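Structural features, examined
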Amino acid sequence: MKKENTDIQNQEIAIFPASFNPIHNGHIELIEISSEIYKTLYVFVANNESKNYSVDLEERYKIVKKAISSLNKDNIIVVKQSNLQTTGLFTKLNKINVVIRGSREVKLSSYESILADKYLEDNSQLKFHFFSFEDEKTSSTKIRELISNNQSISEFVPKIVEKDIIKLWKNAEK
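Notes on the structure follow. Since this is a predicted model, take the numbers as computed values, not measurements.

Regarding the sheet that holds strand β5 (residues 127–132)
Spatially, the five strands line up as an open sheet ordered β3-β2-β1-β4-β5, and their pairing is parallel. Here the strands that pair on one side only, and so sit at the sheet edges, are β3 (76–81) and β5. Across the sheet, the mean angle separating the axes of adjacent strands is 25° when strand polarity is ignored. Helix α2 (residues 25–37) rests against β1 (13–18), β2 (40–46), β3, β4 (98–103) and β5 of the sheet, and its axis sits at about 135° to β5. Sheet contacts for helix α3 (residues 57–69): β2 and β3; angle to β3, the most-contacted strand, approximately 175°.

What follows is the structure, given as structure tokens:
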């Protein structure tokens, strides 16, 4: 991911909404770069109503908070919300200007477009900042598969939460 930095961006407030099922190093990289670009970054841990989760929102939220705490950034605020569809309203209520999104594959663009339309319904002033992941192999789905097959996830997740992720997703399989 390339870091962009301007004086205008440094005054803006951004949000990175995702389900973090689980959080991985691609997320961390995007959060770290975004926190350097924007004045404040909300990391919005939420459920996507079109997905089923084996690990509940509260547990994913705790892991995200723990992973981000290791970045030692005071401009990152982690929040949780039961529904990803409320992102647009949340941005309007909290005067958030920019939605951060990360993408690995072109096929995600239609999903990103649907999300953007929904967010804009609630807050027509939003701008979107898309980042492209350089590591196309990193995904929450891949990490869940590795855990399910008792394989190492150490190269894909923050060290500080690796054991927590394995324990929670292993227990969720039972």
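Focus: the packing of aromatic side chains
Within a pair of aromatic rings, the relevant descriptors are the distance that separates the centres and the angle that separates the planes. Tallied over the full model, the rule gives three aromatic pairs. For the pair Phe16 and Phe20, a centre-to-centre distance of 5.4 Å together with 85° between the ring planes defines the contact as edge-to-face. Both residues of the pair, Phe16 and Phe20, count as buried. With a centroid separation of 4.9 Å and an interplanar angle of 50°, the aromatic rings of Phe44 and Phe90 are classed as tilted. Highlighted residues: Phe44 in strand β2 and Phe90 in helix α4 (residues 87–93), separated in sequence by 46 residues. Taken together, the ring pairs in this structure connect Tyr42, Phe44 and Phe90 into an aromatic cluster. A cation over a ring is seen here: Arg60 above Tyr53, with NZ or CZ 4.1 Å from the ring centre.

Side note on α3
End to end, α3 covers 18 Å across 13 residues, agreeing with the expected 18 Å (1.5 Å per residue, within 8%). Buried within α3 are the following residues: Leu57, Arg60, Tyr61, Ile63, Val64, Ala67 and Ile68. One side of α3 carries all its buried residues, which in axial view fall inside an arc of 165°. Packed against the buried residues of α3 are α2, β2, β3 and α7 (159–173). Where α3 begins, the capping side chain belongs to Asp56, and its oxygen is found 3.3 Å from the backbone nitrogen of Glu58.

Some thoughts on the packing of α3 against α7
Two elements in contact, α3 and α7, have axes separated by 9 Å at closest approach and are oriented at 170°. Judged by the angle between their axes, α3 and α7 are roughly antiparallel. In this structure, α3 meets α7 at a crossing whose hand is left-handed. Across the interface between the two elements, Glu59, Arg60, Ile63, Lys66 and Ala67 of α3 pack against Ile160, Val161, Asp164, Ile165, Leu168 and Trp169 of α7. Among the residues making up the contact of α3 with α7, the classes are represented as seven nonpolar, no polar and four charged.

Cut-offs applied
Residues numbered from 1 in each chain as written. Predicted model: local features only at pLDDT ≥ 70, side-chain atom pairs only at ≥ 80, totals over all residues. Heavy atoms only, no water. Pairing = 2+ DSSP bridges. Helix = DSSP H or I, 4+ residues; strand = E, 2+ residues; numbered from the N terminus. Axes fitted to C-alpha atoms, helices over the stretch in contact; angles between N-to-C directions. Contact = heavy atoms within 4.5 Å. Phe/Tyr/Trp six-rings, centres within 6.5 Å; stacked < 30°, edge-to-face > 60°. Buried < 20%, exposed > 50% of the residue type's maximum accessible area, 1.4 Å probe, protein only. Lys NZ or Arg CZ within 6 Å of the ring centre and 35° of its normal. Expected span 1.5 Å × (residues − 1). Arc of directions from axis to C-beta. Polar contact = N/O pair within 3.5 Å; in protein donor to acceptor, adjacent residues only side chain to side chain. Parallel < 35°, antiparallel > 145°, perpendicular 65-115°, else oblique. Left-handed = near helix turned anticlockwise from the far one by under 90°. Nonpolar A, V, L, I, M, F, W, Y, C, P; charged D, E, K, R; others polar.

Everything listed here is a matter of geometry and, on its own, says nothing about what the molecule does.
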